[in-house]
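Inside the fold
The primary structure of each chain is shown beneath.
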Amino acid sequence: MNENRPLESRTTRWLIPFVLFFGTLLLIGATAKDYGVTWDEPPYFYASDLHMQWIRGFMDNLTHGELRKSLDDRAIQADWHWNPYNVPHPPFSRIISGFRKDISPQSLDKFSAYRIGPALFFALLVTMMFLWMKELFGRSTGLFAALSLLLTPNLFGYAHFAVTDLPLASMWFLTVFAFWKGLNNWKWSVVLGVLWGLALATKFPAVLIPVPLILWAHLFHRNKYVNNVFALLFIAPIFMIGTQPYLWHQTGLRILEFLYEGISRAYRPDANFGIYFFNQLYLTHQLPWYYSFFMIGVTTPEPFVALALLGTLSITLRKEHWSVALLFFFNATFILGLGLMPGAVLHDGVRQMLSVLPFIAALAGVGFHTMLTWSMSFFQNRPVSIQITRLKTKVAGIFLLLACFNPLLDVYLCHPFQLSFYNRFVGGIGGAYERGLETTYFMEALTPNFLGALNAKLPMSASVNASVANFMFSIYQKEGRLRPDIKLTDGQSFNYYVVLHRRSVLGPRERRLISSPTKPFLEIDLAGVPLVSVFEFKMP
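Each value, and the rule that gives it
- Residues numbered from 1 in each chain as written.
- Predicted model: local features only at pLDDT ≥ 70, side-chain atom pairs only at ≥ 80, totals over all residues.
- Heavy atoms only, no water.
- Helix = DSSP H or I, 4+ residues; strand = E, 2+ residues; numbered from the N terminus.
- Rg over C-alpha atoms; globule rule 2.2 N^0.38 Å.
- Buried < 20%, exposed > 50% of the residue type's maximum accessible area, 1.4 Å probe, protein only.
- Contact = heavy atoms within 4.5 Å.
- Lys, Arg positive; Asp, Glu negative; His and termini not counted.
- Charge placed at Lys NZ, Arg CZ, Asp CG, Glu CD.
- 1 Å grid on protein atoms, 1.4 Å probe; cavity = no way out; pocket = protein on both sides within 12 Å on 5 of 7 lines; lining within 4 Å.
- Points joined across faces, edges and corners; volume = space filled by probe spheres on them.
- Nonpolar A, V, L, I, M, F, W, Y, C, P; charged D, E, K, R; others polar.
- Polar contact = N/O pair within 3.5 Å; in protein donor to acceptor, adjacent residues only side chain to side chain.
- Core = buried A, V, L, I, M, F, W, Y, C linked by side-chain atoms within 4.5 Å.
- Phe/Tyr/Trp six-rings, centres within 6.5 Å; stacked < 30°, edge-to-face > 60°.
- pLDDT = per-residue confidence, 0-100.
- Salt bridge = Lys/Arg side-chain N within 4 Å of Asp/Glu carboxyl O.
- Pairing = 2+ DSSP bridges.

Within the protein chain, the regular secondary structure consists of 23 helices and seven strands. Against the compact-globule benchmark of 24 Å for 540 residues, the protein chain has a radius of gyration of 25 Å, which places it among compact chains. On the principal axes, the C-alpha backbone points of the protein chain span a range of 85 × 65 × 45 Å. For the protein chain, buried positions account for 55% of its 540 residues. Sequence separation of 24 or more characterises 76% of the internal contacts of the protein chain that already satisfy a separation of 6 or more. For the protein chain, the centre of its 44 positive side-chain charges and the centre of its 32 negative side-chain charges are spaced 8 Å apart.

All right, on to empty space enclosed by the protein then. Going through the model one piece at a time under the given rule, you end up with five cavities of 30 Å³ or more. The calculated volume of the largest cavity comes to roughly 90 Å³. Forming the boundary of the largest cavity are 15 residues, of which I275, Y276, Y291, G349 and E438 lie nearest the centre. Contributing elements (two or more residues each) for the lining of the largest cavity: β1 (275-277) and α14 (291-299).

Below, the discussion takes up the layout of surface pockets. By volume, the largest pocket is sized at about 910 Å³. Together, 39 residues line the largest pocket, and H89, K203, R265, V345 and Q352 are the ones closest to its centre. The element that contributes the greatest number of residues to the lining of the largest pocket is helix α9 (residues 165-182), accounting for three residues. Per-class residue counts for the lining of the largest pocket are 24 nonpolar, eight polar and seven charged.

Our next topic: the environment of F399. Following the sequence through the fold, F399 ends up in helix α19 (residues 391-413). A relative accessible area of 16% means that F399 is categorised as buried. Look past the residues within four positions of F399 in its chain and what remains in contact with it is F368, M371, L372 and S375.

Turning to the side chain of S264, a few remarks are in order. Residue placement: S264 occurs in the loop between α13 (251-263) and β1. Classification of S264 by relative accessible area gives buried; the value is 8%. A distance of 2.8 Å separates the side chain of S264 from the backbone oxygen of Y260, its partner in a polar contact. Reaching out from S264, the side chain makes a polar contact with the side chain of R268 at a distance of 2.9 Å.

Turning to unusual backbone geometry, a few remarks are in order. Here the amide bond leading from H415 into P416 is cis, since omega sits at 0°, within 30 degrees of zero. Along the polypeptide, P416 turns up in the loop between α19 and α20 (428-435). If you check the backbone angles, N279 has positive phi at about 65° while not being a glycine. For N279, the location among the structural elements is in the loop between β1 and β2 (280-282). If you check the backbone angles, A527 has positive phi at about 55° while not being a glycine.

Attention shifts here to the nonpolar core. Of all hydrophobic cores here, the largest spans 120 residues; its most connected members are F122, W132 and F328. Take this core: its biggest share by element is 13 residues, from helix α6 (residues 110-137).

So, about α14. Most of α14 sits inside the fold, with seven of its nine residues counted as buried. The set of residues buried in α14 consists of Y291, S292, M295, I296, G297, V298 and T299.

By the definition in use, this model includes 40 aromatic pairs. For the ring pair F45 and F111, a centre distance of 5.6 Å and an interplane angle of 15° mean the geometry is stacked. Taken together, the residues F45 in helix α2 (residues 41-63) and F111 in helix α6 connect sequence positions 66 residues apart. By the burial criterion, F45 is buried, and F111 matches it. On the numbers, 5.8 Å between centres and 90° between planes, the contact of W289 with Y290 is edge-to-face. According to the relative accessible area criterion, W289 is exposed, its value standing at 61%.

Our focus in this paragraph is the confidence of the model for the protein chain. Here the protein chain averages 94 in pLDDT, and 98% of its residues register 70 or above. In the model, residues 1-6 has pLDDT below 50 throughout and makes 16 contacts with residues more than four positions away in sequence or in other chains.

Evaluation of the coordinates by the stated rule reveals 18 salt bridges. For R115, the salt bridge goes to E41, with nearest N and O atoms at 2.7 Å. Taken together, the residues R115 in helix α6 and E41 in helix α2 connect sequence positions 74 residues apart. The pair formed by R115 and E41 is uniform in burial state, with each residue classed as buried. For the salt bridge of R268 with D270, the shortest nitrogen-to-oxygen distance reads 3.4 Å.

The subject of this paragraph is the pairing of strand β5 (residues 496-500). On any regular strand, side chains alternate: one points to one face of the sheet, the next to the other face. Most of β5 is tucked away: five of the five residues are buried. Both faces of β5 are covered, namely the face carrying Y496, V498 and L500 and the face carrying Y497 and V499. Strand direction decides the pairing type here: strand β3 (residues 463-465) and β5, joined by two bridges, are parallel. Its bridge partner being in β5, V464 is matched across the sheet by Y496. Alignment of β5 against strand β7 (residues 529-536), held across five bridges, turns out to be antiparallel. Looking across to β7, one finds that V498 is bridged to V534.

In C-alpha cells:
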C-alpha cells in the first residue's frame, strides 16, 4: 500500500518537488563550467542565437506592423535552417537554451548560460519522476527513483550539454506520463498533445513515442485511450509546427524532409560514424544485436541495474500498478530495440539510447518498492514491528542509502568525465579500456582545467596540431580560453600533438604515439585510463 495515504499539507506535499527541481537546477548550473565543450555544441550555440534573433525581430516587427519581414521564407531559412548538416534536429531545446542565455546575468560563463537549458529539462524530469512514482508507490520510492536519475552518470553528464539528447529523454518520459494520466482525465490528454508536439520539435526519434503507448493501451486500457489518440493526431501537430517557423512554408514537403533526414542518417556516410566495440570498428548495421542492451547494462550503476531487473521480474507478482510497471518495461525495451531497426545510428556511447535511462530508473523504483514491501512482510507480526516506531520509513532509508551510496561515489569520483563511466560488471573504466570499449568520444574531456594546464605549460608561440579537435581549439582561442600566441595547424610541422583517445577515429600516427614508450607532455586521465594526451615533438 501507498504510505502517503494520510493527508498532507500543501507545504509538505510540494516541499520535496520544490527542493528536487531547484536543487537539481542549481547543481547542474554550478557544475556546468567544469566540462569541455562537446563537438556538437558550437553550432547549436550559434543556432540558438539565430533563433532568438528572429524571435526578437518578430516581436519588433509585430509592434511596428511589419510582420511580413519576419515571415519571409528567406528570413526564416536564414535563422531556422542555417546549417542543416551540423544542426539537423528541430529547434525546441535550442530555443530554451537561447532564451536562458539571453536572460542570464553577464557574470555567468557564456557556455554555462546556454547549458541552463538542458539543466531545466533535467530538473523537470527529476521532479516528475518523484511525483509519478510517489503517486504510484509512495514517497520513499519516489525519492529513490528521482535520486537514481541524478546518480546515473550518463544522465548527469548529458544534463550539462546543450544538445538534444537529454531534452528528448525528458520529453519522452513526460509524454508517457501524460498519456497515462490522460486515460482518466481528458485535460491530461490535451497536455499529452502539447508534450508530444514539443517532443517532435526536439528530435526525430520522438515520432516513435506513440508506438509502445498505443500497444500498451490497447492491451490493458482498450476503452480509455480515445482522447489520447485524438490529442496525438490533432493537438500535437499544432505545437510541432507552431514552434518551428521553418515548417510554416511548404509545410507538407518540409515535414517529409524532416522524416527523410531522420530515417536516412544510417545510410549516409557523413552521418553514420564508426563504433569501437571490443577492439573492432563497426558501423551501426554491423553491430551485434545485443549492443544496446550491453552498453546500457555496463554504463548504469550496478544497484540500479539489479533493482530494474527485480522490478521487471516482479511485475507478474504485483497486485497493484502492474500495468504501469509494464508501461515502463514496454518503453525501455522499445527504445533499446530501436537499435535493431534499419536506419538506426548508435555511435557515441549511450547517447542515442539516452531516453531509455528514465525508464530504467522507473523500473528500479518498482524493484525498490518490491524489496521494501517484501521486507515489511517479513517484519509483520514480529515484535520488532511493534518495538520500532516508523519502521517502514527507517527500512526505506536504509535501502535508499545502500542503493545510492556507490552511485553517488561514482558520480563524484569521475566528475567531470561521467560520459566515460563504466560499472564494475566490466571492471570499471580500466576494465572497459582493456576489453576494447570506447572510453571517451564527445570532447567534453577537453576541460577548462586541461586548457588552463596548456596555457600554463606551453612555451610562447608553440605550434599545436590538435588532430580531430583542431576546430574546437580554434573556438577556444576565439573565446579567449586558449592563449592567442599558440599557433594551431593541420600541417606536418608542429611542436605539440594532441590526441583525444576516441579510438574509433584514431589513425596510424595516433596509435603509434599511444603504444610507444614516449611519455606525454601533458595528459588527462580517469582512474589511469588516458582521455587526452599531448605529445611534444622536438623541432630540428
